[in-house]
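Secondary and tertiary structure notes
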Amino acid sequence: QTFQKLKKRGDLTANNIVYGTLLKAINKLNPEGRNREKMITDLFLECCRAGQVCSFVLAELRLSSSMKLYRRLVLKPSSLNDKDAKKVEKILRRMPRGWRRHVAF
């Protein structure tokens, strides 16, 4: 809800730190289950659309989601296999460029 309120304001934009921190909060504050996975999926897809995926976001996604969900969200679009699942830098290089286009380094 807080994230939705921020988005509606119009004068604030979320960056990669906001997305990663929200993934961390979802992980800490919600029990495992469908609702949590939906929240994680929705937030990560929004992050991709916003071009804010970075190593911090991927690390928090991995910590907050099941391996099945992580594979579905990250490995298929980047054409990586399971052994590469923990190699964040390799995932970043192979994922669609649009997912990281607005990350400020």
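Values in this document were obtained by computation on a predicted structure and should not be read as measured data.

1. Observations concerning the overall build of the chain
Helix and strand counts for the chain come out as 6 helices and 0 strands. Its helices and strands taken in sequence order, the chain reads α-α-α-α-α-α from the N to the C terminus. Here the chain holds 105 residues, and the buried ones make up 36% of them. Residue pairs in contact within the chain that sit at least 24 positions apart in sequence constitute 58% of those at least 6 positions apart. When the accessible area of the chain is evaluated, it comes to approximately 6,800 Å², of which 53% is carbon and sulfur surface.

2. Examining the pattern of salt bridges
A side chain of one charge can pair with a side chain of the opposite charge if their charged atoms are brought near each other. As enumerated under the stated definition, the model contains 3 salt bridges in all. Between E60 and K24 there is a salt bridge, with the nearest N and O atoms lying 3.8 Å from each other. Here K24 lies in helix α2 (residues 16-29) and E60 lies in helix α4 (residues 55-64), a separation of 36 residues in the sequence. In this structure E60 comes out as buried when scored by relative accessible area, which is 8%.

3. A look at α2
The terminal C-alpha atoms of α2, which comprises 14 residues, lie 20 Å apart, in line with the 20 Å expected from a rise of 1.5 Å per residue. By the burial criterion, the buried members of α2 are N16, Y19, G20, L23 and I26. Buried positions in α2, seen along its axis, are confined to an arc of 120° and lie on one side of it. Those residues of α2 that are exposed and angled more than 90 degrees off the buried face are K28 and L29. Capping of α2 at its N-terminal end is provided by N15; its side-chain oxygen lies 3.0 Å from the backbone amide nitrogen of I17.

4. Side note on the packing of aromatic side chains
Here the structure, examined in full by the defined rule, presents 1 aromatic pair. Ring geometry for F44 against W99: centres 5.7 Å apart, planes inclined by 90°, an arrangement best described as edge-to-face. Taken together, the positions of F44 in helix α3 (residues 34-50) and W99 in the segment after α6 (88-94) put the pair 55 residues apart, joining distant regions of the chain. Here F44 and W99 have matching classes, each one buried. The positively charged end of R62 is found above the aromatic ring belonging to Y70, 5.5 Å away from the centroid.

5. A closer look at the packing of α2 against α4
Look at α2 against α4: their axes get within 8 Å of each other, and the N-to-C directions meet at 10°. Relative to α4, the element α2 is oriented roughly parallel. For the pair formed by α2 and α4, the contact residues are N16, I17, Y19, G20, T21, L23, K24 and N27 on the first element and F56, V57, E60, L61, L63 and S64 on the second. When the residues that make up the contact of α2 with α4 are grouped by side-chain class, the tally is 7 nonpolar, 5 polar and 2 charged.

Conventions we followed
- Residues numbered from 1 in each chain as written.
- Predicted model: local features only at pLDDT ≥ 70, side-chain atom pairs only at ≥ 80, totals over all residues.
- Heavy atoms only, no water.
- Helix = DSSP H or I, 4+ residues; strand = E, 2+ residues; numbered from the N terminus.
- Buried < 20%, exposed > 50% of the residue type's maximum accessible area, 1.4 Å probe, protein only.
- Contact = heavy atoms within 4.5 Å.
- Areas by Shrake-Rupley, 256 points an atom, 1.4 Å probe, with all protein chains shown as cover.
- Salt bridge = Lys/Arg side-chain N within 4 Å of Asp/Glu carboxyl O.
- Expected span 1.5 Å × (residues − 1).
- Arc of directions from axis to C-beta.
- Polar contact = N/O pair within 3.5 Å; in protein donor to acceptor, adjacent residues only side chain to side chain.
- Phe/Tyr/Trp six-rings, centres within 6.5 Å; stacked < 30°, edge-to-face > 60°.
- Lys NZ or Arg CZ within 6 Å of the ring centre and 35° of its normal.
- Axes fitted to C-alpha atoms, helices over the stretch in contact; angles between N-to-C directions.
- Parallel < 35°, antiparallel > 145°, perpendicular 65-115°, else oblique.
- Nonpolar A, V, L, I, M, F, W, Y, C, P; charged D, E, K, R; others polar.

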